[in-house]
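Summary of structural features
Residue-level listing of the chains:
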Amino acid sequence: MSEAAPTAPQDETPHRYTARSANEIELRWQDRWAREDTFRQPNPGEPGFDAARPKRYVLDMFPYPSGAGLHVGHPEGYTATDIFSRYWRMRGCNVLHPMGWDAFGLPAEQYAVQTGVHPSVTTRKAIDTFRRQLSRFGFSYDWSREFGTIDPGYYRWTQWIWLQAYHAWFDPDLGKARPIAELAERMARKDAAIPTGAGTRKWSQCPEVERKRWLDGKRLAYIGEQTVNWCPKLGTVLANEEVIDGRSERGGHPVLRLPLRQWMFRITAFADRLIEDLRLVDWPASTRTMQEEWIGRSEGAEIRFELLREPDAPARPRWTVTLARIEEALSGGDAEFLEMVAAKAREQGGSAVEVTLGGRRVGSREIGMLLTLSGRVRPNGGRVHVVDADEDVREMLAIAKVDSLLLDGGVRDELAVFTTRPDTLFGATYMVVAPEHPLVERLLANPAAATDVTALRAYVELARNRSDVDRQADAKVKTGVFTGMYARNPATGEAIPVWTADYVLMGYGTGAIMAVPAHDQRDFEFATLFGLRIRQVVEVPGEPWTGERATAGEGTALRSANADLSLDGLPTAEAKRRMVEWLASRGLGRRTVNYRLRDWLFSRQRYWGEPFPVVFDRDGNHWPVADRNLPVTLPELADFAPIESDVPVPPLGKARAWVETTAGEAGVSAALLPPETPVRRETNTMPNWAGSCWYYLRFCDPRNGESFIGSDAERYWLGEAGVDLYIGGAEHATLHLLYARFWHKMLFDLGLVSSPEPFRKLFHQGMILSYAYQRDDGTLAAADAVETRPDGSVVEVATGKPVTQVVAKMSKTLKNVVNPDEIIADYGADTFRLYEMYMGPLEAAKPWNTRDIVGPFRFLQRLWRLAIDERSGAILLAARSDPAIEKLLHRTIHKVGEAVERLSFNTAIAAMIELVNAATRPTGMTDPTQGGLNRDQLGRLLKILSPFAPHVAEEIWHRLGNVTALAHEAWPPHDPALLVDDEIEIPVQVAGKLKARIKVPAKADAAEIERRAVADPAVAAALAGKPVRKAIVVPGRMVNLVI
RNA sequence: GCCGGUGUGGCGGAACUGGCAGACGCGACGGAUUCAAAAUCCGUUGUCCCUGAUAAGGACGUGCAGGUUCGAUUCCUGUCACCGGCACCA
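An account of the accompanying structure is given in this report. (Residues numbered from 1 in each chain as written. Chains lettered and ligands numbered in written order. Predicted model: local features only at pLDDT ≥ 70, side-chain atom pairs only at ≥ 80, totals over all residues. Heavy atoms only, no water.)

**Things to note about the overall build of chain A**
Quick note on the threshold: What counts as a helix is a DSSP run of H or I of at least four residues, what counts as a strand is a run of E of at least two, and both are numbered from the N terminus. Exposed residues in this analysis have more than 50% of their type's maximum accessible area, buried residues have under 20%, and partly exposed residues fall in between, with area computed by a 1.4 Å probe over protein chains only. A contact between two residues is defined here by any heavy atoms of the two lying within 4.5 Å.
For chain A, the helix and strand inventory stands at 33 helices and 41 strands. A burial count over chain A gives 54% of its 1043 residues as buried. Considering only intrachain contacts with a sequence separation of at least 6, the fraction spanning at least 24 residues in chain A is 72%.

Quick look at the structure:
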């Protein structure tokens, strides 16, 4: 530090801690840390790595570098992780504390479109700005590990991981992801049959392309046709998680629904584990709950209703059994059941077994073969009605070598529904299908007698063109039309009408419901509006049936009996069980679990994202790019704007020369396709979540060119439980945090990572808000449009009307955005860090108040003055150690360490302020020969302060003559004996009211304390001679005398 | 509507398992320094009452109304307000 300039002789305190000197100190230390690689953390196997130390992986949610630069919200979480990292480093840990950039994505592209500058240019510039701004805070990141998701060396592995999913399937038997080669091998071994365009074929007899198509449908990354969220304004489709209240998460534009073939991730296969494994992690309860609710597991039953084209169609007779049930019996050796099937078949008396599959009648021979497969059952008559036609059955029939069946899977004469209340089946008086349900499409092509095609078509058109926003806005009023179709209620045998209405969603369950108006409010409203029958079948305690609204609670079944089933009098739980059993025994239903979670739509019609490493041949089959040919680099494109259209059109299609290529050029293995085969590249790109799904893995080994992560680094840093502390905003609860867990589980199943969960401890920092001013009408006025009157009231300048101060999000329009650069210029980064950590609990939302910053700034000035004479710059040290100060120092060391471990930084700082206040002599700094702390004490104080205010701590530390970096000093020990006093002051209450404080030895027992309490004059006065009826004495705590 | 969270001085907040409510900081007020101001430093500061004032004393006080307890900011019931999430999920 320079001596006082001769031009300013009037300054008597040239060595004061000021904004200017803080900035000078901070830049100097940042420069030195960078030069000396102070925070570089070697990996296992590298020189300088100490395997004896425990590890801590402390991670921030890496930022999305926007053109606007850093916001005061960013450094909040970053300072917290930095304190935590510096603390554990001092406690002797190897600390992985990295930083990088989440740089692909919509906002960068929108900004580029606005400015006309290519996103790679604007994004690089934004990254440089962010890096410069972040560096100014003195965070102890290991910058040698920095990368951006847009680096080809990184997204190469993003594409590679996607290919791992592409090359995997979910094995339901193991409940985990496995390489799809295992499935192919299994099919070949069993020579199982699969459905093909020309009927069911044995694996060995299938053309290769048919096998491939079948396998393609099993992949974890697959192309699926789904009703997707289409946002015309953004020009792209969005995942469910990115749609909030029918609007896009980014920009708030309306979203429509559109059936589309897109790349999907089979996240639903992991639904149960994504819920279950939340037990393994230490996460905020609110976030766990949000994930659980988002996944939305719900137990119930699937029930199949026979569809009728006219209400008085003859009832399907007979007795039914599913092939799945037969298979179960066969494999389980359930001879009793199989005998019963045979007996039923005989009893029904027909001459042949009738098999109906997918609405088509097939011969008896095949089912006979199936039933006799075990050699134990020999049905010789009767009719067995097979209602299942799902994949299980197809595979079953394939196993039974029934390969002559025609399985088109198309026309069905059943309507399946999901319900959580199978016990109310007797009360189902109509059915509803979603307007997008295939049944509606079918009826429009082939109407039933009662179908009003015009009305039906009009309704479906209307529903299709209504955005989710409109649907929700109109949710109060139910709409719908009768389809002309009927269904048979299997419990009552009645034919009930099938309606279509948009209150039933195609995306949940089967897209169809059985309506029980008496016990579901939505059904009740619909039934009332359209005059449909309402039949009460449950008596709900506390909710008497009035006929004015539905009673949705559980209770006792009534009016629920037919010829061979009675639920009457049963409680709901038991009634559910009995009903499902009854349905199952007839092949009409089964217990099932349904999820709200849907498969993850992974395609985006945007330019600024990772290309998919996959191409299409002329027949539309997709082929993967070989690993060794990654990355598939994003082509340079001058016109990268999204294409405005009524349907999604990926802008990458404009890169003609890139899109139209050959298999060899695109890097597809010659073993899959001859190199000269003409192919089209996939033109959709991945969503910005792709890069953030695994960046925490790459930080462990960012320069590995052979693998996405080296296994030594992975095992060391992620270990059994993943990242040790992960801090970021709560807004990612059902986005990034769900997606990353899903990717991690896939990688875990495939043996590529060793922990089942990626983030052991998660913490959300609260949002930093700002003040705004509210007018009487509730609207907000900008911060620069109001003034404070001398009397303290605040008025709007333009109108002179009073406004009230409220807390609101920072926004440009409210003119209350705080720029971190300016705050650092005015106070320094150490003060900024202290202020943000001192504002309140890390997790709480709290208002920024620039006025309060002087508090932490004065604290640092006081600390400075405690150590350094402001006039001479000389070090001030106490000659001796004051025992009271020594004791307080021990307590502070203990308190700060413990507070850091539970992320209670505000109380840690308060403790250090108390210590500094106590050590500062009340007379102020008038005597330069004496300070309040001796060299050793000051050193210890600087150590515990250094995680919070590293620059000023390091500066004073070195001025004391130390040469090593404070950052790697050991955390000072504290003597537990000094944490307790010999004599303590405890309160004495009389009848619960505080009357006195007495001093007692800390070790005094209850009797001793009571004796002293009663002897106290103030207590004696309060007792006024009355006898003490009861004395409650908590040694070391308090005394309460009851009179 | 359902789920979760939060309500403490003028303001941000503290009080870890039921035991001295308001630590620490801001602001305000008074003082020091200064020609003056800013900055800085020192002191006082929950509200009300009593007393001429001080010392001292008293009452009230953790959104509101109850409850449990010797004792409740902390536990329970009800209720209000605000914030966040989900929302026709069958």
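What follows picks up the thread again.
**Some remarks on the packing of aromatic side chains**
Each aromatic ring pair is characterised by the separation of its centres together with the angle its planes make. Note the threshold: Aromatic rings from Phe, Tyr and Trp, taking only the six-membered ring of Trp, are treated as a pair when their centres fall within 6.5 Å; an angle between ring planes under 30 degrees marks them as stacked, one over 60 as edge-to-face, and anything in between as tilted. By the criterion adopted, a ring carries a charge over it if an Arg CZ or a Lys NZ lies within 6 Å of its centre and within 35 degrees of its normal.
Evaluated as defined, the whole model comprises 61 aromatic pairs. Taking 6.2 Å as the distance between ring centres and 70 degrees as the angle between the ring planes, the aromatic pair formed by W600 and F742 counts as edge-to-face. In this pair, W600 is assigned in strand β25 (residues 600–601) and F742 in helix α24 (residues 736–749), connecting sequence segments 142 residues apart. F742 carries the same exposure label as W600, and that label is buried. Measuring from centroid to centroid gives 5.4 Å for Y827 and F857, while their planes differ by 80 degrees, and the two rings are edge-to-face. You can see Y827 sitting in helix α25 (residues 820–827) and its partner F857 sitting in helix α27 (residues 854–867), a full 30 residues away along the chain. When sorted by exposure, Y827 lands in the same class as F857, which is buried. Across the ring face of Y503, the terminal group of K478 is positioned such that the distance to the ring centre comes to 5.5 Å. Taking NZ or CZ as reference, R596 lies 4.4 Å from the ring centre of W294, over its face.

**With respect to the pairing of strand β29 (residues 678–681)**
Quick reminder of the rule: By this definition, two strands are paired if DSSP reports at least two bridges between them.
Where burial is concerned, the two faces of β29 differ: the one with V679 and R681 is buried and the one with P678 and R680 is not. Examined bridge by bridge, strand β26 (residues 614–616) and β29 share two bridges and lie antiparallel to one another. Bridge pairing in β29 links V615 to R681. Here strand β28 (residues 660–662) pairs with β29 via three bridges, running antiparallel.

**Brief notes about the sheet that holds strand β2 (residues 94–96)**
Here four strands make up an open sheet; going across it, the order is β2-β1-β30-β31 and the pairing parallel. With partners counted over all chains shown, the strands left at the sheet margins are β2 and β31 (762–763), one partner each. Here strand β30 (residues 725–727) pairs with β31 via two bridges, running parallel. Paired with I727 across the two strands is F763, which belongs to β31.

**Some details on the pattern of salt bridges**
Basically, it comes down to this: For this document, the term salt bridge refers to a Lys or Arg side-chain nitrogen within 4 Å of an Asp or Glu carboxyl oxygen.
Per the counting criterion, the structure on display carries 58 salt bridges. The salt bridge involving D712 is made with R715; its shortest N-O contact spans 3.2 Å. One end of the pair is D712 and the other is R715, both in helix α23 (residues 711–718) and three residues apart, which spans about a single turn. Taken together, the shared-partner salt bridges in this structure form one network comprising E24, R28, E955 and R959.

**Here's the deal with the protein's contact with RNA strand B**
Our working definition: Residues are classed as near a molecule or strand on a simple rule: at least one heavy atom within 4 Å of it. Any pair of nitrogen or oxygen atoms within 3.5 Å is treated as a polar contact; in protein, a donor-acceptor pairing is required on top of that, and neighbouring residues in sequence qualify only through side-chain atoms on both sides. In this classification, the charged set is Asp, Glu, Lys and Arg, the nonpolar set is Ala, Val, Leu, Ile, Met, Phe, Trp, Tyr, Cys and Pro, and all remaining amino acids, among them Gly, are polar.
Around RNA strand B, 55 residues are found, and the nearest of them are Y508, R522, Y838, D852 and R997. Between T420 and RNA strand B, the recorded distance is 2.6 Å, taken from a backbone N or O atom to a sugar or linking oxygen. At 2.4 Å from a sugar or linking oxygen of RNA strand B is found a side-chain nitrogen or oxygen belonging to Y838. Breaking the surface near RNA strand B down by element, the ones donating at least two residues are α9 (285–295), β15 (414–419), α27, α29 (905–919), β38 (983–990), β39 (993–1001), β40 (1030–1034) and β41 (1038–1042). Here the surface near RNA strand B is composed, by residue class, of 22 nonpolar, twelve polar and 21 charged.

**Some words on the side chain of T122**
Among the structural elements, T122 can be located in helix α4 (residues 119–135). Sequence-distant contacts of T122, defined by excluding residues within four places in its chain, comprise A108, Y111, A112, T115 and V117.

**Things to note about the sheet that holds strand β27 (residues 622–624)**
The condition is simple: Comment: axis = line fitted to C-alpha atoms, over the contacting stretch for helices; angle = value between 0 and 180 degrees taken between N-to-C directions.
Spatially, β27-β26-β29-β28 is the arrangement adopted by the four strands of the open sheet, whose pairing is antiparallel. Each edge of the sheet is formed by a strand with only one pairing partner; in this case those strands are β27 and β28. Averaged over all pairs of adjacent strands, the angle between strand axes in this sheet comes to 45 degrees, irrespective of strand direction.

**Description of the nonpolar core**
Quick reminder of the rule: We define the nonpolar core as a collection of buried residues of types Ala, Val, Leu, Ile, Met, Phe, Trp, Tyr and Cys that are connected through side-chain atoms lying within 4.5 Å of one another.
Counting 174 residues, the largest nonpolar core has W162, W600, W743 and F948 as the members making the most contacts within it. Those residues in contact with F948 that sit more than four places away from it in its chain are I83, R833, L834, V896, V900, F905, A908, I909 and M912. Counting 53 residues, the second largest nonpolar core, distinct from the first, contains V460, A515, L565 and L583.

**Observations concerning the packing of helix α2 (residues 73–90) against helix α28 (residues 883–901)**
The condition is simple: Angles below 35 degrees are treated as roughly parallel, those above 145 as roughly antiparallel, those between 65 and 115 as roughly perpendicular, and all remaining angles as oblique. Definitions for this section: a left-handed crossing has its near helix turned counterclockwise from the far helix by less than a right angle. A right-handed crossing has that turn clockwise.
Packing of α2 against α28 brings their axes to within 10 Å, and their N-to-C directions diverge by 125 degrees. By the angle class used here, α2 and α28 are oblique. With respect to the hand of their crossing, α2 and α28 are arranged in left-handed fashion. Facing I83, F84, Y87 and W88 of α2, the residues of α28 in contact are G897, V900 and E901. The class makeup of the residues in the contact of α2 with α28 is five nonpolar, one polar and one charged.

**Considerations on α27**
Test applied: Any helix carries an expected span of 1.5 Å times its number of residues minus one.
A rise of 1.5 Å per residue sets the reference length of α27, with its 14 residues, at 20 Å; its end C-alpha atoms lie 20 Å apart and thus fit the reference within 8%. Buried within α27 are the following residues: P856, F857, F859, L860, Q861, L863, W864, L866 and A867. In this fold, the buried residues of α27 make contact with α1 (19–35), α25, α26 (829–838), α29, α30 (935–945) and α31 (950–959).

**What about the side chain of D82?**
Summarising the element assignment, D82 is placed in helix α2. What makes D82 buried here is its relative accessible area of 0%. Not counting residues up to four positions away in its chain, the partners in contact with D82 are H97, G138, F139, S140, R833 and P947.

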